[in-house]
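Overview (structure and organization)
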Amino acid sequence: MRPLRYARAQDVPQAVRMLAAAPYGAYLAGGTNLVDLLKLGVATPELLVDVRRLTSERIEDLPDGGILVGAAVRNSELAADPTIRTRYPVLSQALLDGASGQLRNLATTGGNLLQRTRCPYFQNITTPCNKRVPGTGCSAREGHQRDMAIFGASQECVATHPSDMAVALAAIDALVRTRGPDGDRLIPVTELHRLPGEEPGRDTVLRHGELIMNVELPPLGFAANSRYRKVRDRASYAFALVSVAAAVDVVDGVVRDVRLALGGVAHKPWRATRAEELLRGAPAIAQSFADAADAELAAAQPLPGNAFKVPLARAAIIRTLLDLTGDAAEDGR
Amino acid sequence: MDTEVTLRVDGTTYTLGVDTRTTLLDAMRERLGITSPKKGCDHGQCGACTILLDGWRANSCLALAVAHDGAEIVTAAGLAMDGNLHPMQQAFIEHDAFQCGYCTPGQIVSAVGMLDEVDAGWPSAVTAAGDAEVVLDEAEIRERMSGNLCRCAAYANIVPAIAQVARS
Ligand SMILES: Cc1cc2nc3c(=O)[nH]c(=O)nc-3n(C[C@H](O)[C@H](O)[C@H](O)COP(=O)(O)OP(=O)(O)OC[C@H]3O[C@@H](n4cnc5c(N)ncnc54)[C@H](O)[C@@H]3O)c2cc1C
Ligand code: SF4
Ligand code: FES
Ligand code: FES
């Protein structure tokens, strides 16, 4: 690990100024991803600006019925919050499906959103990787493809975004509040992460020095009827092969509204807008769910080593929607 | 770059100069001679380095010492009180739940921290949705202990040992 400086700022404006002035610097929160990458030699900052005790650690009610989550709220506390558990179960479940109890006690909301891909070549500095060193090539394209993307990948990079929490946040239309050298921004979580394109090194639309302050959960009544389903190689403590975050509003056997997002399939949380369009107004039966899943997955472009993700995602979508709509839907099969 | 930090480990206060890159695990093991937390993977994957950090279980291998200046730490060695083993340590002995020396301290600290999380009402991935209360059955214990890995498969007796302490 290269020598580096550590700094704690007096307040947020000072932290933003410090990082903006240090091109090779990074914010540090729980450190569960950044310190790992420092040890591997993947991250090589000269300065760490600790923001864990600088950003909010609170979960607050908003006047419009939404909830404001501070960037420093720990993953374990957010998952356990009684309001989150009853009003946004999909978020609580996604967090509890991620990492381990020990890690969730260190990991923060801001850091979780900005964790980097678990692509094995990205983490191994002896192999070519366009995300780590632009222009060196992508080892995954011809290599180990099991964990790679089926949507939105480019010639340059086929990695997936690893965060479970981000998939749930994308499904419920959460917003990220940031403060940067150029002022404040409000960014939908669905627009925070980028597809790789020709610049896979840039994971998000954030500018250098831009600090995540809060995540805002909008009021979404039917999110009380939501859930997260994660499919992985072992029962617990593993990243997703495919995951589904869904919330459904069914009235008289018809889908009035729905939110659907997929994890483990793209460079970002994949909001399944095609499936959502088909589902709105459709009878809440297994056939509708299968049709919606097929419509969404028609755009998938898997590699030979991850083609299994297409039928896996199909089954996971159908099962999750059936679980949320109850026996009525199953009978209509 | 050296920075001075103060750590309270198992009831003793230490002040030491550490390089910015030093983790809590290395500060304890290499600098303070506290070897009860073990270094298994050094990447947050195995749980061997688990400590109670300001009351909550955490992996000490990914936590930088400078970022935890002033922390209150309890290791497996610090769980014993006045010469008496902690009930979890006793239960591990009674159930022959001991594994290799690498995994056991982390398993015991993790189990103690996990029971506090249950007492606080925290759910796990296998807890029923909504605001259901946690019933610490076998499935709950297994899920909550999943951050502690063992490669030798000697772990069958851990669940009964933890269940005994949970009941008492
Ligand atoms: C063994 C293991 C298994 C895991 N399994 C899972 C899993 O199954 N699912 C899952 O989703 N995650 C998993 N994780 C990842 C874990 O959830 C993340 O490491 C954690 O959420 C990151 O949070 P942190 O606070 O520790 O971030 P840090 O490591 O401190 O920071 C991560 C990144 O975010 C930046 N950052 C942090 N806070 C801010 C802020 N407020 N504003 C701007 N930038 C910021 C940092 O500069 C850094 O680039 C796993 C991790 C490990 C080690
Ligand atoms: S998929 Fe992306 S992160 Fe993985 S090796 Fe290719 S360029 Fe690197
Ligand atoms: S040594 Fe810390 S988790 Fe393995
Ligand atoms: S007990 Fe240590 S590897 Fe199994």
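Residues numbered from 1 in each chain as written. Chains lettered and ligands numbered in written order. Predicted model: local features only at pLDDT ≥ 70, side-chain atom pairs only at ≥ 80, totals over all residues. Heavy atoms only, no water.

The subject of this paragraph is the site of ligand 2. Among the 13 residues in the neighbourhood of ligand 2, the closest are listed as Cys119, Cys129, Cys138, Cys157 and Val158 of chain A. In terms of residue class, the shell around ligand 2 is built from 9 nonpolar, 2 polar and 2 charged. (Near = heavy atom within 4 Å. Nonpolar A, V, L, I, M, F, W, Y, C, P; charged D, E, K, R; others polar.)

With that out of the way, let us pick up helix H12 (residues 309–325) of chain A. For H12 of chain A, spanning 17 residues, the distance from its first C-alpha to its last is 24 Å, which sits close to the expected 24 Å at 1.5 Å a residue. For H12 of chain A, the complete set of buried residues consists of Lys309, Ala313, Ala316, Ile317, Ile318, Thr320, Leu321, Leu322, Leu324 and Thr325 of chain A. (Helix = DSSP H or I, 4+ residues; strand = E, 2+ residues; numbered from the N terminus. Expected span 1.5 Å × (residues − 1). Buried < 20%, exposed > 50% of the residue type's maximum accessible area, 1.4 Å probe, protein only.)

Let us now look at the interface of chain A and chain B. Taken residue by residue, the interface counts 38 residues in chain A and 41 residues in chain B. Together chain A and chain B conceal approximately 3,200 Å² of surface at their shared face, both sides included; 56% is due to carbon and sulfur atoms. At the boundary of chain A with chain B, the tally comes to 1 salt bridge. Lys39 of chain A is the partner of Asp42 of chain B in a salt bridge, and the nearest nitrogen-oxygen pair spans 2.8 Å. Applying the counting rule to chain A against chain B returns 17 residue pairs in polar contact (both at pLDDT 80 or more). (Contact = heavy atoms within 4.5 Å. Buried area = accessible area lost by both parts, 1.4 Å probe. Salt bridge = Lys/Arg side-chain N within 4 Å of Asp/Glu carboxyl O. Polar contact = N/O pair within 3.5 Å; in protein donor to acceptor, adjacent residues only side chain to side chain.)

Once that is clear, we can look at the site of ligand 1. Around ligand 1, the structure places 34 residues, and the nearest of them are Tyr27, Gly31, Thr32, Thr108 and Asp164 of chain A. Close to ligand 1, residues of chains A and B are found. The separation between a nitrogen atom of ligand 1 and a polar main-chain atom of Ile212 of chain A is 2.8 Å. Considered on its own, ligand 1 offers 980 Å² of accessible surface; in the complex 94% of this is hidden by protein. Elements with a contribution of two residues or more to the shell around ligand 1: strand E2 (25–28), helix H7 (109–113) and strand E8 (211–217) of chain A. Considering every element that reaches the shell around ligand 1, the biggest residue donor is H7 of chain A, with 3 residues. Looking at the shell around ligand 1 residue by residue, the classes come out as 15 nonpolar, 15 polar and 4 charged. (Areas by Shrake-Rupley, 256 points an atom, 1.4 Å probe, with all protein chains shown as cover.)

Turning our eyes to something else, we now look at helix H3 (residues 104–119) of chain B. Residues and elements named next belong to chain B. Helix length check: H3 (16 residues) gives 23 Å between terminal C-alpha atoms against 22 Å at 1.5 Å per residue, within 8%. H3 sits mainly inside the fold: 14 of its 16 residues count as buried. Count one or two residues on from H3 and you reach Gly121, which has phi positive near 85 degrees.

A word on the confidence of the model for chain B. With 97% of its residues at a pLDDT of 70 or more, chain B has an overall mean of 93. Among the prediction metrics, the complex's ipTM stands at 0.96, with pTM recorded as 0.97. (pLDDT = per-residue confidence, 0-100.)

Residues and elements named next belong to chain A. As defined by bridge partners, strand E6 (residues 175–180) adjoins strand E7 (residues 183–188) across 6 bridges and the pair is classed as antiparallel. Each residue of the ladder has a partner; that of Arg179, found in E7, is Asp184. Here E6 folds back onto E7, and the loop between the two strands holds 2 residues. (Pairing = 2+ DSSP bridges.)

Right, let's talk about the nonpolar core for a bit. Core analysis: the biggest nonpolar cluster contains 48 residues, and Leu28 and Leu48 of chain A together with Leu7, Leu24, Leu53 and Ile73 of chain B have the highest contact counts within it. Breaking this core down by element, the ones donating at least two residues are E2 and helix H2 (34–40) of chain A together with strand E1 (2–9), strand E2 (12–19), helix H1 (24–31) and strand E3 (50–53) of chain B. Those residues in contact with Leu48 of chain A that lie beyond four places of it in its chain are Leu4, Arg5, Tyr6, Ala7, Ala26, Leu28, Leu34 and Leu38 of chain A together with Leu64 of chain B. Listed in part, the 38 residues of the second largest apolar core include Val73, Ala171, Ile187 and Phe222 of chain A. (Core = buried A, V, L, I, M, F, W, Y, C linked by side-chain atoms within 4.5 Å.)

Here the focus is the sheet that holds E2 of chain A. Residue and element names in this part refer to chain A. Reading across the sheet, the 3 strands line up as E1-E3-E2 and stay open at both edges, with parallel pairing between neighbours. Here the strands that pair on one side only, and so sit at the sheet edges, are strand E1 (5–8) and E2. This sheet shows a mean twist of 25 degrees between the axes of neighbouring strands, independent of strand direction. (Axes fitted to C-alpha atoms, helices over the stretch in contact; angles between N-to-C directions.)

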